[in-house]
Each structure stands twice: as structure tokens, then as C-alpha cells.
Amino acid sequence: MDQILQISGALLVLAAFAGLQRGALQPYSRLYLTLNLVGALLLTVAALRDLDWGFLLLEVVWGAVSLWGLVQLARGRLPGPGALTAVAGSRRRATRRARAGPGSRGRSRDPCGRAWSA
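Attention in this report is confined to the structure presented alongside it.

Here is what the cut-offs are and how they apply
Residues numbered from 1 in each chain as written. Predicted model: local features only at pLDDT ≥ 70, side-chain atom pairs only at ≥ 80, totals over all residues. Heavy atoms only, no water. Salt bridge = Lys/Arg side-chain N within 4 Å of Asp/Glu carboxyl O. Helix = DSSP H or I, 4+ residues; strand = E, 2+ residues; numbered from the N terminus. Buried < 20%, exposed > 50% of the residue type's maximum accessible area, 1.4 Å probe, protein only. Axes fitted to C-alpha atoms, helices over the stretch in contact; angles between N-to-C directions. Parallel < 35°, antiparallel > 145°, perpendicular 65-115°, else oblique. Left-handed = near helix turned anticlockwise from the far one by under 90°. Contact = heavy atoms within 4.5 Å. Nonpolar A, V, L, I, M, F, W, Y, C, P; charged D, E, K, R; others polar. Polar contact = N/O pair within 3.5 Å; in protein donor to acceptor, adjacent residues only side chain to side chain. Core = buried A, V, L, I, M, F, W, Y, C linked by side-chain atoms within 4.5 Å. Patch = residues over 30% accessible without salt bridge, like charges linked within 9 Å, V, L, I, M, F, W, Y side chains within 5 Å. Areas by Shrake-Rupley, 256 points an atom, 1.4 Å probe, with all protein chains shown as cover.

Turning our attention to the pattern of salt bridges. Counted under the stated rule, the structure contains 1 salt bridge. Ionic pairing is found between Asp 2 and Arg 49, a salt bridge with its closest N-O pair at 3.1 Å. Of the two residues, Asp 2 sits in helix α1 (residues 2–22) while Arg 49 sits in helix α2 (residues 30–50), which places them 47 residues apart along the sequence. Overall, the relative accessible area of 24% leaves Asp 2 in the partly exposed class.

Structural data, given as C-alpha cells:
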């Protein structure tokens, strides 16, 4: 029974991670956060049964962060402070810099907006 619990929890967390890496899930989506929360809860129970304190700490924090994200979504907010607006704003700035060309103001910028000498 313990092995089923551990494998189920691990598969849920890994499914969320794989979905995020493939671009199928967003880090602020309900599905991503729910997969992480349920997986962490299952792994927390397994860690408690074995008295595995390091693993228990990891899973309690993992679950708490996922729960916090779900609460923020339920309140109509994104889990991170300005998560979408920060990304959208940096993309707009990077696009404007790219259009201005590498010689604008004597400096070029990489896609992240960091200046480097031309």
C-alpha cells in the first residue's frame, strides 16, 4: 500500500512538471497547482508513515506553495506578484529594443534586455 501511495503521488507531481516543461500547462493554472497539491499530500502521508523528516519537509512546503497558488487563483489573482504583467511588459520592451536596432544609443541588448557592447 505504501508503494502505491508513493508512486501515485510521484506520478502526479511528475505529470505536472512534464506538462509545464512541454508547454501543455502553465505554472499558474488550476490543473498544474492541483496536481502538485494532491501529489504532495500523498507523498506527505508516505513520509509521515516512514518518519522521513527531510522528505516530509519538502512535501509539506511543496503542498503549501501549491495551496497558496490555488487560493490566489480562487481570489481572482495570479499566484505570483504581477506574474503575467511582468512577462508581458518585458516582452514588449524586448520587442521595442529589437525594432530600434543594435546601434540605438550605442548599445545592443540581448532578448532579456541586458545591454552589451556592440
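What follows deals with the packing of α1 against α2. The N-to-C vectors of α1 and α2 enclose an angle of 150°; their axes lie 8 Å apart at closest approach. On the basis of their axis angle, the class for α1 and α2 is roughly antiparallel. For the pair α1 and α2, the sense of crossing is left-handed. Along the contact surface, α1 presents Asp 2, Leu 5, Gln 6, Ser 8, Gly 9, Ala 10, Leu 12, Val 13, Ala 16, Phe 17 and Leu 20, while α2 presents Tyr 32, Leu 35, Asn 36, Val 38, Gly 39, Ala 40, Leu 42, Leu 43, Val 45, Ala 46, Arg 49 and Asp 50. Class assignment of the residues belonging to the contact of α1 with α2 gives a composition of 15 nonpolar, 5 polar and 3 charged.

On to the side chain of Thr 44, then. You can see Thr 44 is positioned in helix α2. A polar contact is formed between the side chain of Thr 44 and the backbone oxygen of Ala 40, at a distance of 2.6 Å.

Next up on the list: unusual backbone geometry. Positive phi values are uncommon outside glycine, yet Leu 51 reaches one of about 50°. Structurally, Leu 51 is set in the loop between α2 and α3 (53–74).

Right, let's talk about the environment of Val 61 for a bit. By secondary structure assignment, the location of Val 61 is in helix α3. Through-space distance from the C-alpha of Val 61 to that of Ala 40 is 8.7 Å; in sequence the pair is 21 residues apart.

Here we take up the nonpolar core. Formed by Ala 16, Leu 25, Tyr 32, Leu 33, Leu 35, Leu 37, Leu 70 and Leu 73, the largest nonpolar core amounts to 8 residues. Broken down by secondary-structure element, the contributors of at least two residues to this core are α2 and α3. For this core, the leading source of residues is α2, giving 4 residues.

With that settled, consider the packing of α2 against α3. For any two helices packed against each other, the geometry comes down to the angle between their axes and how far apart the axes lie. In contact at an axis separation of 8 Å, α2 and α3 are set at 150° when each is read in the N-to-C sense. One finds that α2 runs roughly antiparallel with respect to α3. α3 is crossed by α2, and the crossing has left-handed handedness. Residues Arg 30, Leu 33, Thr 34, Asn 36, Leu 37, Ala 40, Leu 43, Thr 44, Ala 47 and Leu 48 of α2 form the contact with α3, whose own contacting residues are Phe 55, Leu 56, Glu 59, Val 60, Trp 62, Gly 63, Ser 66, Leu 67, Gly 69, Leu 70, Leu 73 and Ala 74.

Our focus in this paragraph is a nonpolar patch on the surface. Where nonpolar side chains cluster on the molecular surface, the patch consists of Leu 57, Val 61 and Val 65 and spans about 280 Å² of accessible area. With relative accessibility at 42%, the residue Val 61 sits in the partly exposed group.

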